[in-house]
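Notes for the structure review
Spelled out from the first residue to the last, the chains are:
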Amino acid sequence: MFKDVDEQLEIILRGTVDIVTKEELTKKLSRSVKENKPLRIKLGLDPTAPDIHIGNAIPIHKLRTFQSLGHTAILIIGDHTATVGDPSGANKTRPMLSHDKVMENARTYLSQAGKILDLNKTEVVYNSKWFEKMTFNDVIKLTAQMTVARMMERDDFTKRYNAGIPISVNEFIYPLMQGYDSIIVKSDVELGGTDQLFNLLVGRDLQRDAGMEPQVALTTPLLEGTDGNKKMSKSLGNYIGVTETSGEMFGKAMSIPDNLMPKYFELTTELSISEINQLLDVHTHPRAAKVALAKAIVRRYHTDRDADAAAAEFDRIFKEHALPDSIPDVQISSGELTDGKVWITRLIVLCGFANTNSEARRLVQQGGVSINNDAMSDPSLNIEIKPDMILKVGKRRFARIALKNQ
RNA sequence: GGGUGGAUUCCCGAGUGGCCAAAGGGGACAGACUGUAAAUCUGUUGGCAUAGCCUUCGGAGGUUCGAAUCCUCCUCCACCCA
């Protein structure tokens, strides 16, 4: 039923950073093969934001890998931990979320995770199930298992402390909660990004204290966002969401800096190592490599055909400077017209391409606005609306203007 | 409980009576160059149909011809000592 241990290890270890410890993992796998019993693989997701992006999808794909190898995937929806807020990697206290908000996020999370995992074969559990039942006394007992000094070993805590940035006590409790999850679900392996290492190790300690065999901690790299600089995150706006349209995904993937391509290839696509090496070879033009990358990313969440279409559309807009396939229609009500004309600045605002007249005015002055491919430079201009008129703002925002029929 | 420092525009952060819609940096946006790259360079970055006017520097009052800046009270935050 299971592949042999070495084969499994090779597949598992692709794109991982730390394995604590590899010996223990090997041992667990051997036993699993021998007894024909799947390992229990845990991944916790805190639904703090409503969307999964290709960065935080990396450990989910890793969980999928285990699942494909025949092991049991356990997805913990941290509906309780999310209200506390994971301090990992953050340089300030995360806001505590309301449970309603968290549950709302949890729903979208689960459906999005379903794009990656086989949810029918996944144990999905909400950790409020056990945390809500805990008494204050239970919490005290849990906290007694960790010292402040150990907590302060954590890099981000040390940094924040030294920099005089506040650390709330609930942030100390977070790793303990995550570790406690591991006891409950009896995990053999826990997955997480590298920023989770400390939390994963706490899980080992707590399991050991509870008389269990400690889980193996396995971390995956954190992915830089499309800006090529900071960690991919929803709040920084440098992310590629797994539910985005193929066109958006493709465009965003094309905008990453070249030096990130190897990492993106390895972590966000299903291409084999040899395919990747060939694409990164000096004989392959970087642009061709990036197109292959962008297609591979789109393919993972959409279809082959979507990927090809996105690539074609992209060329059309940016290489040939032609119009995209579909342009949103914007209808202007006649109340906006003066003598049958509309003020260009107002028009840009009405299309949603600027928030204020001032902003729109600047766009015009800076030469970022054209109508039917004629650059507009005078922000006081009044425009007569003609059929099929195309307004272009910046490089990639288009609208087809029409008068609203009254 | 005692002490100290702080709250400025999207973020960080300068500014301690007029030269302040407020330095500098980051981010973002637009343009140039390109491979829609990245890097770099240029410009913009409170609002207003914009040579002008209006609203902003935690909140409320006050002093002054004039307040981000001085005074009073309030709210919130951090650090240190106990």
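To be clear, the structure that these remarks concern was listed above.
Everything quoted here is computed from the prediction, not taken from an experiment.

With that settled, consider the environment of Asp329. Tracing the backbone through its elements, the reader meets Asp329 in strand β7 (residues 329-332). Given the relative accessible area of 56%, Asp329 is considered exposed. Sequence-wise, Asp329 and Ile390 are 61 residues apart; in three dimensions their C-alpha atoms are separated by 9.3 Å.

By convention here, two paired aromatic rings are described through the distance between centres and the angle between planes. Scanning the entire structure with this criterion turns up five aromatic pairs. Ring centres 6.4 Å apart and planes at 55° place the aromatic pair Trp130 and Phe131 in the tilted group. The pair formed by Trp130 and Phe131 is uniform in burial state, with each residue classed as buried. Ring pairs connect the aromatic residues Trp130, Phe131 and Tyr180, which therefore count as one cluster. The ring of Phe157 has Arg154 lying over it, and the distance from NZ or CZ to the ring centre is 4.6 Å. The side chain of Lys252 reaches across the aromatic face of Tyr239, ending 4.6 Å from its centre.

A complete count under the given rule lists 21 salt bridges for this structure. Residue Arg150 is joined to Asp205 by a salt bridge in which the shortest nitrogen-to-oxygen separation is 2.6 Å. Of this pair, Arg150 sits in helix α8 (residues 148-152) while Asp205 sits in helix α11 (residues 197-209); the two residues are 55 residues apart in sequence, bridging distant segments of the chain. Residue Asp205 is classed as partly exposed on the basis of its relative accessible area of 21%. Here Asp308 and Lys295 are joined by a salt bridge, their closest N and O atoms 3.3 Å apart.

Calculation notes
- Once a new chain begins, its residue numbering starts again from 1 and follows that chain's sequence as written.
- Lettering for chains starts from A, numbering for ligands starts from 1, and both go in the order in which the items are written.
- Reporting in this predicted model follows two pLDDT cut-offs: at least 70 for local features of residues, and 80 or more for side-chain atom pairs to be given and counted; totals over whole chains, interfaces and linings ignore these cut-offs and use all residues.
- Heavy atoms from the whole structure form the basis of all side-chain values; hydrogens and water molecules are not counted.
- Secondary structure follows DSSP: runs of H or I at least 4 residues long count as helices, runs of E at least 2 residues long count as strands, and numbering of each begins at the N terminus.
- For every residue, the accessible area (1.4 Å probe, protein chains only) is compared with the maximum for its type, and the residue is labelled buried under 20%, exposed over 50%, or partly exposed between those bounds.
- Pairing of aromatic rings covers Phe, Tyr and the six-membered ring of Trp, with a centre-to-centre limit of 6.5 Å; geometry is then stacked below 30 degrees between planes, edge-to-face above 60, and tilted otherwise.
- A ring is scored as having a charge over it whenever the NZ atom of a lysine or the CZ atom of an arginine sits within 6 Å of its centre and within 35 degrees of its normal.
- What counts as a salt bridge is simple: a side-chain nitrogen of Lys or Arg found within 4 Å of a carboxyl oxygen of Asp or Glu.

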